[in-house]
Amino acid sequence: MSDLRTDNPLEVQIKLIRKYLKLKIMADNESFHGHAQERNHVYDLFKRTVAHGESHSALMIGPRGSGKTTLINSVLQQISKEVDLSNDAIIVRLNGLIHSDDKLSLKAITAQMQLENAVGDRVFGTFAENLAFLLSCLQSGADRRCKSMLFILEEFDLFCHVGRTQTLLYNLFDITHSAQAPMCVLGVTNRIDVVELLEKRVKSRFSHRHIFLFPNEDSQGAPHVKYRDLMVNMLCLPRTKTVSVKKNRRSRKSTVTSEDMEIDQETNSLPDTIISRHPNLQHLDQEFVQDWNAHVLSLAEEQKVLDCIEKLCYYTVNEQIFRNILFELVSKLSLNKPYIDVADLSAIIDNTVAPEHRVKLLQSLSILELSLVIAMKHGMEIFDGEPMNFEMVLHRYTKFANSNSSTQTVPRAVILKAFEHLQELEVIMPARGQDHSTDAGATRAHKHYRLQALATPTHDVTEAVTKFKALPTEIRHWFGNSVV
Ligand SMILES: Nc1ncnc2c1ncn2[C@@H]1O[C@H](COP(=O)(O)OP(=O)(O)OP(=O)(O)O)[C@@H](O)[C@H]1O
């Protein structure tokens, strides 16, 4: 409430709008749209497990930010309204990034099943024994009915990583395969080849049920039109009934001359769970809401907005990135700027995509990698843009490092690794005639001697070095003085 203490009613409303929209864009991880078939599939698996005690396993595969987790949350939300989820089932969520070995996973499973006390000081011979004990603890009631288990394994590919035993997966899939207990194991990943990572014994117990979530696959029409509609639904504020926006008397920018335009009310409002945590949001003035919605609709009609979104879609169709853009846009709202500015949208999209991307990539390099880029830039300046090989770059870098007592000496193998990483990132690329197998000489040449050229414009390197805050001063000086 404290941030709403101001006398200016317009300012209060803008703050409320900003807060509401920020929550809607970022904090709402339950409202899912599209992919009805895939969603039904997951719903079906979970519902059968919880309501009929069946056992299932499946993998959900889709690129980053395609809404995999949101889909699962929305399904669980729906099922919780239909059955008593908290009493009939236990949901265990594991993440391959956090639960990096079987011991940690088992600890998390025990904690999420609330069986720490039951386990106590007990020592188990094998992983399977431990898991069987946990499951037996769940059998309750006169008929020894077992609670259903929903295992959601995020970053599933990391559970099958090289050097990691797949005991957890083996045991979970074994339970679903032999239907020992009502259990659904759902692995979530962005690696399409994930099944290839499974051990033979694990693979044979997996149901091979795949649920793919590819952006745009389920929608007709161009992605930028879909995103434009998403923008309208994200930015519009909810009203009690289906919204009918007429040209508003106070909306200076509104170009909506049409009769009524409808806003999809289902995806438009925040879930009650979020609203109840922020009671202030109910103080939104309906007149402001109407005015704001008219503004958003008029924005969506502008050709420039569509062009900007089309440009973004050319580079990426990741909804998470699009939401980040909307979030930044909403954050700019203030008393001096009560409406969304198309110029801001354009600038944010430009910042998100090229050419700033290259500068950001350079800034994300390690100090050693950036030093090699600088060494290469100097070398190419001296030799009139001639490409250089690893030995030449190494020579320039070592010369600088030796003349600078504060620069750490790095083993040659580490420098070579950094050089190869630059190649992978395509910051440097094989010089012409070096990249095709037809050039037998070049392919036969040892990798240390293959000629490489800087693939990034030098002004990008200059910009990256200038803006690189953590760059040691001597490297900054070296950059400005190629003779060293
Ligand atoms: N179809 C969708 N419906 C609703 N929100 C979506 C959808 N697709 C993406 N999002 C939004 O995009 C963001 C990322 O979604 P989410 O975390 O579910 O993706 P993910 O596929 O699980 O990503 P990761 O692979 O990184 O775990 C969230 O803010 C989510 O609300």
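Residues numbered from 1 in each chain as written. Predicted model: local features only at pLDDT ≥ 70, side-chain atom pairs only at ≥ 80, totals over all residues. Heavy atoms only, no water.

S.K.: I keep staring at the environment of L454 and nothing clicks. Help me out?
M.R.: Mapping L454 onto the fold places it in strand β9 (residues 452-454). Look at L454 and you get buried, because its relative accessible area is 15%. Expressed as a C-alpha distance, the spacing of L454 and M388, which sit 66 residues apart in the sequence, is 8.9 Å. With sequence-adjacent residues up to four places away left out, L454 is seen in contact with V373, M376, K377, M380, V427, I428 and V461. (Helix = DSSP H or I, 4+ residues; strand = E, 2+ residues; numbered from the N terminus. Buried < 20%, exposed > 50% of the residue type's maximum accessible area, 1.4 Å probe, protein only. Contact = heavy atoms within 4.5 Å.)

S.K.: I keep staring at the confidence of the model for the chain and nothing clicks. Help me out?
M.R.: Caution applies to low-pLDDT regions: their predicted coordinates should not be interpreted in detail. Across the chain, the average pLDDT comes to 81, with 81% of residues at 70 or higher. The low-confidence segment residues 241-266, where pLDDT is below 50, has 58 contacts with residues more than four positions distant or belonging to other chains. In this model residues 435-443 is a low-confidence stretch, pLDDT under 50, and it forms eight contacts with partners more than four residues away in sequence or in other chains. (pLDDT = per-residue confidence, 0-100.)

S.K.: Looking at this structure, how should I read the environment of S31?
M.R.: Looking at the element boundaries, S31 is found in the loop between α1 (9-27) and α2 (36-52). S31 gets classed as partly exposed once you look at its relative accessible area, which sits at 26%. For the pair S31 and Q77, spaced 46 residues apart in the sequence, the C-alpha separation amounts to 9.3 Å.

S.K.: When you look at the nonpolar core in this model, what are you seeing that I'm missing?
M.R.: Nonpolar side chains in soluble globular proteins tend to be buried together. The biggest cluster of nonpolar side chains holds 41 residues, and the ones touching the most others in it are L21, M231, L235, L237, W292 and F322. Mapped by element, the contributors of at least two residues to this core are α1, α10 (223-235), α13 (286-301), α14 (303-315), α15 (319-331) and α16 (342-352). With eight residues, α1 is the largest single contributor of residues to this core. Not counting the four nearest positions on each side in its chain, F322 is found in contact with Y227, L230, M231, I309 and L312. Among the nonpolar cores identified, the runner-up in size contains 36 residues, and L94, I109, L115 and A181 belong to it. (Core = buried A, V, L, I, M, F, W, Y, C linked by side-chain atoms within 4.5 Å.)

S.K.: What exactly am I supposed to notice about the sheet that holds strand β7 (residues 210-212) here?
M.R.: Either a parallel or an antiparallel arrangement is found when strands of a sheet pair, and the pairing is made through backbone hydrogen bonds. Ordered in space as β2-β5-β6-β1-β7, the five strands form an open sheet in which the pairing is parallel. Each edge of the sheet is formed by a strand with only one pairing partner; in this case those strands are β2 (89-95) and β7. With direction set aside, neighbouring strand axes in the sheet form an average angle of 15°. As defined by bridge partners, β2 adjoins strand β5 (residues 148-154) across seven bridges and the pair is classed as parallel. Paired with A89 across the strands is S148, a residue of β5. Contacting β2 and β5, helix α5 (residues 102-112) runs over the sheet at an angle of about 150° to β2. (Pairing = 2+ DSSP bridges. Axes fitted to C-alpha atoms, helices over the stretch in contact; angles between N-to-C directions.)

S.K.: When you look at the site of the ligand in this model, what are you seeing that I'm missing?
M.R.: Residues in contact with the ligand amount to 15 residues; listed here are only the nearest, H33, R64, K68, T69 and T70. Within the backbone of S66, an N or O atom sits 3.2 Å from an oxygen atom of the ligand. Of all the secondary structure elements, the ones that give two or more residues to the shell around the ligand are α3 (68-82) and α15. The residue makeup of the shell around the ligand includes at least three contributed by each of domain 1 (36-212) and domain 2 (220-352). (Near = heavy atom within 4 Å. Polar contact = N/O pair within 3.5 Å; in protein donor to acceptor, adjacent residues only side chain to side chain. Domains from an automatic or database assignment.)

S.K.: What should I look at first to understand the side chain of T110 in this one?
M.R.: Checked against the element boundaries, T110 lands in helix α5. Once residues within four sequence positions are removed from consideration, T110 is found in contact with L115, E116, V119 and L134.

S.K.: Looking at this structure, I do not really get the pattern of salt bridges. What am I missing?
M.R.: Once their charged atoms are close, side chains differing in charge can pair, the charge on each being opposite to the other. The full count for this structure, using the stated rule, is 15 salt bridges. Of the charged contacts in the structure, one is a salt bridge between E199 and R201, with a shortest N-O distance of 2.8 Å. Its relative accessible area of 34% is what places R201 among the partly exposed residues. As a salt-bridge pair, E381 and K377 come within 2.7 Å of each other at their nearest N and O atoms. You can see E381 and its partner K377 sitting in helix α18 (residues 367-382), four residues apart, about one turn around the helix. (Salt bridge = Lys/Arg side-chain N within 4 Å of Asp/Glu carboxyl O.)

S.K.: Any chance you could explain α5 here in plain terms?
M.R.: Because the α-helix completes a turn every 3.6 residues, residues three or four places apart line up on one side. Among all positions of α5, only D102, S105, L106, A108, I109 and T110 are buried. In this fold, the buried residues of α5 make contact with β2, α6 (116-119), α7 (127-137), β5 and α8 (167-177). Capping the start of α5, D101 holds a side-chain oxygen 3.0 Å from the backbone nitrogen of K103, two or three residues further along. With its phi angle positive at about 55°, Q114 sits one or two positions after the end of α5.

S.K.: Teacher, can you tell me more about the packing of α18 against helix α19 (residues 390-402) here?
M.R.: Angle between the axes and distance between the axes are the two parameters that describe a pair of packed helices. One can describe the packing of α18 onto α19 by two numbers: an axis separation of 9 Å at closest approach and a directional angle of 105°. By the angle class used here, α18 and α19 are roughly perpendicular. Taking contact as the criterion, the partners of L368, S371, L372, A375, M376, H378, G379 and I382 in α18 are, on α19, V393, R396 and Y397. Grouping the amino acids of the contact of α18 with α19 by side-chain chemistry returns seven nonpolar, three polar and one charged. (Parallel < 35°, antiparallel > 145°, perpendicular 65-115°, else oblique. Nonpolar A, V, L, I, M, F, W, Y, C, P; charged D, E, K, R; others polar.)

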